[in-house]
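Understanding the architecture of this molecule
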Amino acid sequence: MTMKNRKRVTLYLCVAVLFVAGIVGFGYYKSQTAKKKAEEIKKNIITGVNDLPGKKIGVQLGTTGDIYAGDYEKDGSGTVIERFNKGADAVQALKVGKIDCVIIDEEPAKAYVEKNEELRILNEEFTKEEYAICIDKSNAALRQQINTALNELKEERVLKQIKDYYTGADDVKGKNPYIPQKDVVRKNGTLSVATNAEFKPYEYFDQGEIVGIDIDIMQAICDKLGMALEVQNMDFDAIITAVSSGKADVGAAGMTVTEDRLKSIDFTDSYTTSTQVIIVRDEMAVQKDRSFQESFYDNFIKDNRYEYLLKGLGNTLVITLFAVMLGIALGLLIALVRTGYDRAGKLPLLNFICKVYLTVMRGTPAVVQLMIIYYVILTAVQNKIVVAIIGFGLNSAAYVAEVIRSGIMSVDNGQFEAGRSLGLSYQQTMKSVIIPQAIKNILPALGNEFIVLIKETSISGYIGLMDLTKGGDIIRSITYEAYLPLYAVALIYLVIVLLLTAGVNRLERKLRGNER
Amino acid sequence: MEREVLIEVKDLYKSFGQHKVLKGINTTISKGEVVAIIGPSGCGKSTFLRSLNLLEEPTSGTVTFEGTDITDESVDINKMREKMGMVFQQFNLFPNMTIRENIMLAPVKRGKMTKEGAAERADELLARISLLDKADAYPAQLSGGQKQRIAIIRALAMNPDVMLFDEPTSALDPEMVGEVLELMRELAAEGMTMVVVTHEMGFAKEVASRILFINEGVIQEDNEPKELFANPRSQRLRDFLSKIL
């Protein structure tokens, strides 16, 4: 026993050492290759719009930049458009030299460049555009109300006040915030607003809260309409789907009115004009290396940013735990139907349905299933954690069912006959004799399913749910550093998986103890 | 003396796919009889025994137990099996339960006894075979002979009217055969009706009241032990006996 324990401790130490070695080694490798890369990068310098053909252009998926830059892709010049889920990811890719420039809205671009000295915005603008609030076509009455409210806010100079607070000249910036009116009676229900809080200064996370120009404008509109504001964070390209499927009433995310978008959704009047600009690396800037401590402080300590990880971890654990329970319950039912059919030809129709279910769930990606469940099937359910639990639970059930079935099949048929010959019914024999033994046989496989599932939940971000991975992403989008947040997330997953593995091994030994 | 008929088998046929195992078996087993079934391997003797409590469903024919045709689908077979104990070659104790739990399971689940009553009965039976000290052990901690004796009293705990034994000593080391046969001998002496598929000719000769010799799916000879061993009528039985004795 002690021998075994010592072996295990050694194993964990080895894993930890390898992990740290990986981080250090990677850091060294990075510093070495950075010099080489810098030389390569100089060949692809962009000084204006005319230099764009043939280059690698980064955009945020579904943004105006994406739509306009897409034209270059088709002109045969070999231009490559890299589409990122978030603007910050595109900026990171630009920093490490994976792409040559990023086309993005002016205001977020300013925020990025301010934080990254080695980047600059080209003087030549890419294009100008108008932002508006998107709303479902069937909701003309609300659209009219919002337009009226926007008009009033324009006349009362509230819109200017809000923009000045975030992006104005130094004498007004940060001075006069919009304060939600307290004496409004919010009797007209809730206005649910879909946004993508990675688009500073229009919408972004600040100390755990989503804030920004769009959010303040929506708050002001709610104040006018006597409604309560509810903000939902999701990927930018998910906003239109969310609004048209009724998950949200409107979308406010620095969204430009385009012909393509008008096919599926309506827009209110424009509330601001924005410019698309081109960010490039500043060849003149000297790359400044930050120390590990500085970086650590910036990523985790400052503004309590570690809370994104903690909260995300909490969600990840809750989703996994309940999804596993749902998966085992449903999986057991399916396994019983399947073995009942295999053994005695019972319930052929139900068995067929189960077989179809298994085929579909195991034959399609979990992320697609999750999105179908969120956007198509459970449109009425607002609680994303519940949706995620159902989604992952249904997916896991398909795998658990086959694991349990193989467990039942692995119990010697003599056990079944002994139970039946004592007078126990089929159900009694299964429940008292077969299933307890089957569970014991499959415990390692079930534990493994738990481990797979906990990693699988990292796709929760696709429905805008902040799990551990997404928590790391949010930090990444604030600090523009990929290295520490990603490693921290990986390390947390690894520790959880190691703990779970140890727990499963322990339980397995305890259960087996009786039989050896 | 006319004895009460317990089991009546009529025109029993059983096929596995194209393979015909039982080809028309007719016999009756009366209360208090100890019937040994012998025959070459693959002759169908185990299939016949397993048909008696419907672990094998007959292809055609009937098995009547205490006046009820148990091949009728409307019969609650679980109720019937409560009265027909069965012992297997491989013991088939439940490895995830203690010995006491093994014995208590069926009486409690079938509503025949309370938990306390079943535990008491289990201890009583264990005391009888001098294994009370193993009540809280698990099957894996016992020898083969101990396991088989416990399998026998597990079946007895349901107070069956008949006990079916399917080669109960074939999986045992030779030195453990004796203790199992001894327990069976005791049961026979107490008047338990028993049907035993066996290769133990000594046991058959000494304990059985009747021997069935099954060959190629039919009962070839049906006689008292002395008569059967002394004067085998068919060539096949003579060949069989000459090989094993």
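This is a predicted model, so every value here is computed, not measured.

Cut-offs applied
- Residues numbered from 1 in each chain as written.
- Chains lettered and ligands numbered in written order.
- Predicted model: local features only at pLDDT ≥ 70, side-chain atom pairs only at ≥ 80, totals over all residues.
- Heavy atoms only, no water.
- Helix = DSSP H or I, 4+ residues; strand = E, 2+ residues; numbered from the N terminus.
- Buried < 20%, exposed > 50% of the residue type's maximum accessible area, 1.4 Å probe, protein only.
- Contact = heavy atoms within 4.5 Å.
- Areas by Shrake-Rupley, 256 points an atom, 1.4 Å probe, with all protein chains shown as cover.
- Pairing = 2+ DSSP bridges.
- Expected span 1.5 Å × (residues − 1).
- Arc of directions from axis to C-beta.
- Polar contact = N/O pair within 3.5 Å; in protein donor to acceptor, adjacent residues only side chain to side chain.
- Phe/Tyr/Trp six-rings, centres within 6.5 Å; stacked < 30°, edge-to-face > 60°.
- Axes fitted to C-alpha atoms, helices over the stretch in contact; angles between N-to-C directions.
- Buried area = accessible area lost by both parts, 1.4 Å probe.
- Salt bridge = Lys/Arg side-chain N within 4 Å of Asp/Glu carboxyl O.
- pLDDT = per-residue confidence, 0-100.

Structural notes on the overall build of chain A
Scanning chain A from terminus to terminus reveals 18 helices and 12 strands. The 516 residues of chain A split such that 49% are buried. Within chain A, contacts between residues separated by at least 24 positions form 77% of all contacts whose residues are at least 6 apart in sequence. Of the roughly 24,700 Å² that chain A leaves accessible, carbon and sulfur atoms contribute 58%.

As for the pairing of strand E12 (residues 266-281) of chain A
Residue and element names in this part refer to chain A. Taking burial as the measure, the 16 residues of E12 include 14 buried ones, the bulk of the element. Pairing analysis gives 4 bridges linking strand E3 (residues 101-105) to E12, with the strands arranged antiparallel. Note on E12: the bridge partner recorded for Ile103 is Ile278. As judged from the 3 bridges shared by strand E4 (residues 119-121) and E12, these two strands associate in the antiparallel manner. Directly across from Ile121, in E12, lies its bridge partner Ile279. The pairing of strand E5 (residues 127-135) with E12 spans 8 bridges and is classified as antiparallel. Each bridged residue has a counterpart across the sheet, and for Ala132 the counterpart in E12 is Ser270.

Structural notes on helix H6 (residues 174-189) of chain B
Residue and element names in this part refer to chain B. The end-to-end C-alpha distance of H6 is 24 Å, a good match for the 22 Å that 16 residues give at a rise of 1.5 Å each. Residues Met176, Val177, Val180, Leu181, Leu183, Met184, Leu187 and Ala188 constitute the buried set of H6. Mapping the buried residues of H6 onto a view down its axis gives an arc of 155°, with all of them on the same face. Exposed residues pointing more than 90 degrees away from the buried face of H6 are listed as Glu175 and Ala189.

Some points on the environment of Leu164 of chain B
All names here are of chain B. Here Leu164 is to be found in strand E7 (residues 162-166). For the pair Leu164 and Leu49, spaced 115 residues apart in the sequence, the C-alpha separation amounts to 7.1 Å. If near-sequence neighbours (up to four positions away) are discounted, Leu164 is found in contact with Leu49, Leu52, Asn53, Gly85, Met86, Val87 and Val195.

Quick notes on the environment of Gln437 of chain A
Mapped onto the secondary structure, Gln437 of chain A falls in helix H16 (residues 426-456). Look at Gln437 of chain A and you get buried, because its relative accessible area is 10%. Residues Gln437 of chain A and Ser410 of chain A, 27 residues apart in the sequence, show an inter-C-alpha distance of 9.1 Å. Discounting chain neighbours no more than four positions away, the residues touching Gln437 of chain A are Val411 and Gln415 of chain A together with Pro95 and Asn96 of chain B. Engagement of the side chain of Gln437 of chain A in a polar contact is seen with the side chain of Gln415 of chain A, the distance being 2.9 Å.

A closer look at the packing of aromatic side chains
Applying the stated criterion to the full structure yields 11 aromatic pairs over all chains. Between Phe296 of chain A and Phe300 of chain A the ring centres are 5.0 Å apart and the planes differ by 65°, which places this aromatic pair in the edge-to-face class. One end of the pair is Phe296 of chain A and the other is Phe300 of chain A, both in helix H10 (residues 292-301) and 4 residues apart, which spans about a single turn. A centroid spacing of 5.4 Å and a plane angle of 35° characterise the contact between Phe213 of chain B and Phe240 of chain B, whose relative ring orientation is tilted. Separated by 27 residues along the polypeptide, Phe213 of chain B in strand E9 (residues 210-215) and Phe240 of chain B in helix H9 (residues 235-244) bring together distant segments of the chain. There is no split in this pair, since Phe213 of chain B and Phe240 of chain B are both buried.

Here's the deal with the sheet that holds strand E3 (residues 34-38) of chain B
Residues and elements named next belong to chain B. The strand order E6-E7-E8-E3-E9-E10 describes an open sheet built from 6 strands, whose pairing is mixed. Edge positions in the sheet fall to strand E6 (84-87) and strand E10 (218-223), since each of these pairs with one other strand and no more. Taking each pair of neighbouring strands and ignoring which way they run, the sheet shows an average axis angle of 20°. Pairing analysis gives 5 bridges linking E9 to E10, with the strands arranged antiparallel. Residue pairing across strands places Leu212 opposite Asp222, the latter belonging to E10. Along the sheet, H6 makes contact with E3, E7 and strand E8 (193-197), crossing E8 at roughly 145°.

Observations regarding the interface of chain A and chain B
The interface is formed by 21 residues belonging to chain A together with 25 residues belonging to chain B. Interface area for chain A against chain B, summed over the two sides, is near 2,000 Å², with a carbon-plus-sulfur share of 55%. At the boundary of chain A with chain B, the tally comes to 7 residue pairs in polar contact (both at pLDDT 80 or more). Contributing elements (two or more residues each) for the side of chain A that touches chain B: helix H15 (413-421) and H16 of chain A.

Quick word on the side chain of Asp164 of chain A
Residue and element names in this part refer to chain A. Along the chain, Asp164 falls in helix H6 (residues 158-167). For Asp164, a relative accessible area of 19% gives the class buried. Other than its neighbours up to four places away in sequence, Asp164 contacts Val172, Lys173 and Gly174.

Focus: the pattern of salt bridges
As enumerated under the stated definition, the model contains 39 salt bridges over all chains in all. In this structure, the salt-bridge partner of Asp298 of chain A is Arg305 of chain A, at a minimum N-O distance of 3.4 Å. Grouping residues by exposure puts Asp298 of chain A and Arg305 of chain A together as buried. A salt bridge links Arg50 of chain B to Glu417 of chain A; the nearest nitrogen and oxygen atoms lie 2.5 Å apart. With Arg50 of chain B in helix H1 (residues 45-52) and Glu417 of chain A in helix H15, this pair bridges two chains. Under the relative-accessibility criterion, Arg50 of chain B is labelled buried at 13%. Each member of the salt-bridge network shares a partner with another, and the members are Arg338, Asp342, Arg362, Glu402 and Arg405 of chain A.

Focus: the confidence of the model for chain B
Residues and elements named next belong to chain B. Counting all residues, the mean pLDDT for chain B is 93, and 99% of those residues have values of 70 or more. Averaged over each element, pLDDT in chain B is lowest for H9 (90) and highest for E7 (97). Scoring of the predicted complex yields 0.69 for pTM and 0.94 for ipTM.

Here we look at H1 of chain B
Residues and elements named next belong to chain B. With 7 of 8 residues buried, H1 lies mostly within the body of the structure. Burial in H1 covers these residues: Lys45, Thr47, Phe48, Leu49, Arg50, Ser51 and Leu52. Positive phi appears at Leu54, one or two residues downstream of H1, with a value of about 65°.

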